[in-house]
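Remarks on the overall topology
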Amino acid sequence: MSQSVPAASVPKGTVTGVDKYAVGNNGDYFAVGRKCRHLRADLAGGSIDADGCLVCPWHGAKYDVSTGQMVRGPRGIFAKIPGLGASFKALTRVIPLKRGTVAQRGTDLYVDRTAHTACASRGVP
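Quantities reported herein were computed from a predicted structural model and do not represent experimental measurements.

Definitions and limits used
Residues numbered from 1 in each chain as written. Predicted model: local features only at pLDDT ≥ 70, side-chain atom pairs only at ≥ 80, totals over all residues. Heavy atoms only, no water. Helix = DSSP H or I, 4+ residues; strand = E, 2+ residues; numbered from the N terminus. Buried < 20%, exposed > 50% of the residue type's maximum accessible area, 1.4 Å probe, protein only. Contact = heavy atoms within 4.5 Å. Areas by Shrake-Rupley, 256 points an atom, 1.4 Å probe, with all protein chains shown as cover. Phe/Tyr/Trp six-rings, centres within 6.5 Å; stacked < 30°, edge-to-face > 60°. Lys NZ or Arg CZ within 6 Å of the ring centre and 35° of its normal. Core = buried A, V, L, I, M, F, W, Y, C linked by side-chain atoms within 4.5 Å. Lys, Arg positive; Asp, Glu negative; His and termini not counted. Salt bridge = Lys/Arg side-chain N within 4 Å of Asp/Glu carboxyl O. Polar contact = N/O pair within 3.5 Å; in protein donor to acceptor, adjacent residues only side chain to side chain. pLDDT = per-residue confidence, 0-100.

Broken down by element type, the protein chain carries one helix and 10 strands. Here the protein chain holds 125 residues, and 38% of them are scored as buried. Partitioning the intrachain contacts of the protein chain with sequence separation of at least 6 by distance along the chain shows that 42% fall at a separation of at least 24. Looking at the protein chain as shown, the accessible area adds up to about 6,500 Å², and 52% of this sits on carbon and sulfur atoms.

This is the structure:
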């Protein structure tokens, strides 16, 4: 099963929502689950940093889109809570964001919704 979006709506450096995925372009198209592991913010409203990582729009948690793992914990007031960032990073090593495969066909991008999630065999979303 797949969902699509016009490729023109995802220029380099942007992120948009396609069904349950945040689809972005950091030089390569990617699709990851839309919900941040911190407070479930919609990652489709996030940004892409200079490293090509997806940054949560609420508290600045940063995700490696190739693995779905958090590589920097929440910023702001949450950064002052001892161990919080490390806890969420550890969580995403066990339960990373789901990842989809993006394929461009003509002028559209298609997201494979049954793509490689590390926990799919265990039924973890």
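This is not the end of the story, as more comes after the structure.
A few words now on the packing of aromatic side chains. Taken as a whole, this structure holds zero aromatic pairs when the rule is applied. In this structure, Lys 98 packs its charged tip against the face of Tyr 21, placed 5.0 Å from the ring centre. Cation over ring: Arg 105 sits above Tyr 110, and NZ or CZ is 4.4 Å from the ring centre.

One finds Ala 22, Val 32, Cys 36, Leu 43, Leu 54 and Tyr 63 to be the most contacted residues of the largest nonpolar core, which totals 18 residues. Elements with a contribution of two residues or more to this core: β4 (29–33) and α1 (84–94). Counting residues in hydrophobic clusters, the runner-up holds 10 residues, among them Val 10, Val 23, Val 102 and Leu 109.

Here we take up the side chain of Arg 99. Turning to its location among the elements, Arg 99 is positioned in strand β9 (residues 99–105). Within the buried core, Arg 99 has no salt-bridge partner, and the shortest N-O distance to an opposite charge, that of Asp 64, equals 7.8 Å. A polar side-chain atom of Arg 99 sits 3.3 Å from the main-chain carbonyl oxygen of Ser 66. Reaching out from Arg 99, the side chain makes a polar contact with the backbone oxygen of Thr 67 at a distance of 2.7 Å.

Summing up the model confidence of the protein chain, the mean pLDDT is 85 and the portion of residues at 70 or higher is 87%. Confidence over residues 117–125 falls short of pLDDT 50; this stretch has 11 contacts with residues more than four positions distant or in other chains.

It is worth spelling out the pattern of salt bridges at this point. As a working rule, side chains carrying opposite charge can pair if their charged atoms are close by. Following the criterion strictly, the structure yields three salt bridges and no others. With a shortest N-O distance of 2.9 Å, Asp 49 and Lys 62 are connected by a salt bridge. Of this pair, Asp 49 sits in the loop between β5 (47–48) and β6 (54–55) while Lys 62 sits in strand β7 (residues 62–64); the two residues are 13 residues apart in sequence, bridging distant segments of the chain. Here Lys 62 falls in the buried class, since its relative accessible area comes to 12%. With a closest N to O distance of 2.9 Å, Asp 51 and Lys 62 form a salt bridge.

Residues other than glycine seldom take positive phi values, yet Asp 19 does so here, at roughly 55°. A relative accessible area of 35% means that Asp 19 is categorised as partly exposed. Backbone geometry at Arg 40 places phi at a positive 65°, although glycine is not the residue there. Examined against the element boundaries, Arg 40 turns out to sit in the loop between β4 and β5.

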